[in-house]
Amino acid sequence: MKSLAIVTLAFLVVSASAIDVDEIVSNASKAAYYQGKDGKAKLSMTITDAQGRERQRELTILRRNNDDESGDQKFFVYFERPSDVKGTTFLVWKRADGDDERWLYLPALDLVKRIAASDERTSFVGAHYFYEDVSGRHESMDTHELVEETVDYYVLKSTPRDSKLAEFASYRSWIHKGTFLAVKIEYGDEQGEVYRTYEALDVQQIDGYYTVVKGRMTDNRIGGYTTVTNREIEYGIGLEDGLFDERSLRNPPRRQLK
């Protein structure tokens, strides 16, 4: 795929006989959400509606993996621009073996809103991305099968174990063999129609980790797409667990967000 044309691989591709589906899924999750002990990135988000009108968002995201290697994580998102969303914060406590906890703070209302599990697959602050897209979907929520293999990609079909917890019937992921990054994901409905598509548009190696620095989510049902560009990406910066407390929703860690 052209989206990974900039990536030069200096290692052998893993063959299908040496890896099973569960390992592919696990490696893809690690590549997307677990690079390094922790991480920070400045994001530029452009929301383009069906009429071609654009809205801009500037935000910073902090992420920390749990010390016990359980797979638990914490995410903190701070919105910087435009002025009508400045100060909005989003906090996620990701549980590997249970329901995630998510909170959204709206400064205009001085309101902390709990994001229920039923709302995880709804729009993230007006974008074509969902709340669940920010911190990832649990591997155990779906069954996975390898439906195709090419020279460069594993193509997986994933189906939700509980159809009531997802608006899609299944989704297909193109996992790059060399990096285990999902460079394309297509979400389909009961009729097999693809209505939502994620694409990795630019991948670069940062601090030794292959990282998606530009991605896009397109929604054919509502029209339009959201493009996210990651800037100033850092890994292993020593973020403390206390930064990811509910108190940080109203009082964000200014020094770490600079």
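Look a little higher up for the structure.
Residues numbered from 1 in each chain as written. Predicted model: local features only at pLDDT ≥ 70, side-chain atom pairs only at ≥ 80, totals over all residues. Heavy atoms only, no water.

Remarks on helix α1 (residues 21–33)
Alright, step 1. The terminal C-alpha atoms of α1 lie 18 Å apart, and with 13 residues this matches the ideal 18 Å at 1.5 Å per residue to within 8%.
Alright, step 2. Along α1, the positions that sit buried rather than exposed are Val21, Ile24, Val25, Ala28, Ser29 and Ala31. Each buried residue of α1 sits inside an arc of 165° when the element is viewed along its axis, so together they form one side.
Alright, step 3. For α1, the elements touching its buried residues are β7 (142–149), β8 (153–160) and β9 (170–176).
Alright, step 4. At the N-terminal end of α1, a side-chain oxygen is found 3.4 Å from the backbone nitrogen of Asp22, two or three residues along, and the residue is Asp20. (Helix = DSSP H or I, 4+ residues; strand = E, 2+ residues; numbered from the N terminus. Expected span 1.5 Å × (residues − 1). Buried < 20%, exposed > 50% of the residue type's maximum accessible area, 1.4 Å probe, protein only. Arc of directions from axis to C-beta. Contact = heavy atoms within 4.5 Å. Polar contact = N/O pair within 3.5 Å; in protein donor to acceptor, adjacent residues only side chain to side chain.)

Let's talk about the environment of Glu193
Alright, step 1. With respect to the element layout, Glu193 can be found in the loop between β10 (182–188) and β11 (194–206).
Alright, step 2. Separated by 42 residues in the primary sequence, Glu193 and Tyr235 have C-alpha atoms spaced 38 Å apart.
Alright, step 3. Excluding anything up to four places from it in sequence, Glu193 contacts Tyr187 and Gly188.

Considering the pairing of strand β3 (residues 73–81)
Alright, step 1. Counted residue by residue, β3 has eight buried out of nine residues, so it is predominantly covered.
Alright, step 2. Sheet topology places strand β2 (residues 54–65) next to β3; eight bridges connect them, and they run antiparallel. Within β3, the position partnered with Thr60 by the bridge is Tyr78.
Alright, step 3. Pairing between β3 and strand β4 (residues 89–94): six bridges, direction antiparallel. Bridging from a neighbouring strand, Phe75 pairs with Val92 of β4. (Pairing = 2+ DSSP bridges.)

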